[in-house]
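Survey of secondary and tertiary structure
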Amino acid sequence: MYRYAIAYKAYNVLCAHHEDALGRETLTTMGIPTGLHTAGRLDLDSEGLLVLTDDGQTLHRLTHARFSHAKTYFVLVLGRPQAEALEQLRQGVETTLGRTRPADIEILASPPPLPPFVQPLPHPEKTTWLRIVLHEGMNRQVKRMTAAVGHPTVRLVRVAIGHLTLPPDLQPGQWRYLDAVERKVLLADVWPAGAARRRQGRE
């Protein structure tokens, strides 16, 4: 039977299954079985939702660019983005890896309910929280995008992949297997209805 899990990757945790020469925490030290592979990585200095599975076909459909699954991030940037910068992000910007696809961008009226950041911010009053939804996965894409419009990212937290959201019972550094409802949500996003039901039945 396939296994599906969810994890809250903390800041400064490597998104890999191996011992780190510098002694940093990894997926293995979090207690995640080596047979579970991540559907999309997060950088060392990024946080948030990881989906893991040993279901190779579902993993492929979650990660391959042609399926365009939405990924939602809360992003703290330096400065106060104005309408022009926000519109550039929405339409796509030129980065060193090419032009990004259109994205959903909004300024949050208040800070999102996240655990405290482990890195002190010298001037938190000079930062802005954004909600960014991407439909592609370039390397360090969010950070490249915000830097391109003059607002470098200082904190990045992935909070959803498709309709599967970071659950409130998970704290940074914790993981667990998906419950029945979460598996249904995940597989419904990834597979056509009939295939999703058949795959769910293998649990």
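Shown above is the structure to which this text applies.
Everything quoted here is computed from the prediction, not taken from an experiment.

Taken residue by residue, helix α1 (residues 56-63) has Thr-58, Leu-59, Arg-61 and Leu-62 as its buried positions. Relative to the axis of α1, the buried residues are bounded by an arc of 165° and lie together on one face.

Of all eight residues that make up strand β4 (residues 71-78), seven are buried, and the element is covered over most of its length. Pairing analysis gives seven bridges linking β4 to strand β9 (residues 153-161), with the strands arranged antiparallel. Within the sheet, the bridge partner assigned to Thr-72 lies in β9 and is Ala-160.

This part covers the nonpolar core. The biggest cluster of nonpolar side chains holds 23 residues, and the ones touching the most others in it are Ile-6, Leu-49, Val-51, Leu-62, Leu-164, Leu-178 and Leu-186. Apart from residues no more than four positions distant in its own chain, Leu-178 is found in contact with Tyr-4, Ala-5, Ile-6, Leu-164, Arg-183 and Leu-186. Membership of the second largest hydrophobic core comes to 16 residues, among which are Val-77, Ile-105, Val-142 and Met-145.

When we look at a pair of aromatic rings, we describe it by the centre distance and by the angle of the planes. Counted under the stated rule, the structure contains two aromatic pairs. Consider the rings of Tyr-11 and Phe-117, whose centres lie 5.5 Å apart with planes at 90°: the pair is edge-to-face. One end of the pair, Tyr-11, is in the loop between β1 (4-9) and β2 (37-38); the other, Phe-117, is in the loop between β7 (104-107) and β8 (127-134), and 106 residues separate them in sequence. Judged by centre distance (5.1 Å) and plane angle (75°), the ring pair of Trp-175 and Tyr-177 falls under edge-to-face.

Within the chain, Asn-12 stands out as a residue other than glycine whose phi angle is a positive 70°. Along the chain, Asn-12 falls in the loop between β1 and β2. According to the relative accessible area criterion, Asn-12 is partly exposed, its value standing at 35%. The phi dihedral of Arg-140 falls on the positive side, at around 50°, and the residue is not glycine. Position of Arg-140 among the secondary structure elements: in the loop between β8 and α3 (141-148). Assessed through its relative accessible area of 35%, Arg-140 is described here as partly exposed.

Our focus in this paragraph is the environment of Tyr-4. Mapped onto the elements, Tyr-4 comes out in strand β1. A relative accessible area of 2% means that Tyr-4 is categorised as buried. Linking Tyr-4 and Thr-58, residues 54 residues apart in sequence, is a C-alpha distance of 9.9 Å. In terms of polar contacts, Tyr-4 uses its side chain to reach the side chain of Asp-55, at 2.5 Å.

In this section: the pairing of β9. Across the nine residues of β9, eight count as buried, placing the element largely inside the fold. The pairing of β9 with strand β10 (residues 164-165) spans two bridges and is antiparallel. By the bridge assignment, Ala-160 is partnered in β10 with Thr-165. Linking β9 to β10, which pair antiparallel, is a turn of two residues; within it Gly-162 sits at a positive phi near 60°.

Scanning all chains against the criterion turns up 13 salt bridges. Asp-45 serves as the salt-bridge partner of Lys-143, at 2.5 Å between the closest nitrogen and oxygen. With a gap of 98 residues between them, Lys-143 in helix α3 and Asp-45 in the loop between β2 and β3 (47-53) connect regions that are remote in the sequence. The exposure class of Lys-143 is buried, given its relative accessible area of 13%. The exposure class of Asp-45 is partly exposed, given its relative accessible area of 31%. Taken together, the salt bridges that share partners define one network made up of Asp-43, Asp-45, Arg-140 and Lys-143.

Look at α1 against helix α4 (residues 180-190): their axes get within 10 Å of each other, and the N-to-C directions meet at 65°. Here α1 runs over α4; the crossing is left-handed. When α1 is examined against α4, the residues Thr-58, Arg-61 and Leu-62 are found in contact with a partner set consisting of Leu-186, Leu-187 and Val-190. Looking at the contact of α1 with α4 residue by residue, the classes come out as four nonpolar, one polar and one charged.

Conventions used here
- Residues numbered from 1 in each chain as written.
- Predicted model: local features only at pLDDT ≥ 70, side-chain atom pairs only at ≥ 80, totals over all residues.
- Heavy atoms only, no water.
- Buried < 20%, exposed > 50% of the residue type's maximum accessible area, 1.4 Å probe, protein only.
- Helix = DSSP H or I, 4+ residues; strand = E, 2+ residues; numbered from the N terminus.
- Arc of directions from axis to C-beta.
- Pairing = 2+ DSSP bridges.
- Core = buried A, V, L, I, M, F, W, Y, C linked by side-chain atoms within 4.5 Å.
- Contact = heavy atoms within 4.5 Å.
- Phe/Tyr/Trp six-rings, centres within 6.5 Å; stacked < 30°, edge-to-face > 60°.
- Polar contact = N/O pair within 3.5 Å; in protein donor to acceptor, adjacent residues only side chain to side chain.
- Salt bridge = Lys/Arg side-chain N within 4 Å of Asp/Glu carboxyl O.
- Axes fitted to C-alpha atoms, helices over the stretch in contact; angles between N-to-C directions.
- Left-handed = near helix turned anticlockwise from the far one by under 90°.
- Nonpolar A, V, L, I, M, F, W, Y, C, P; charged D, E, K, R; others polar.

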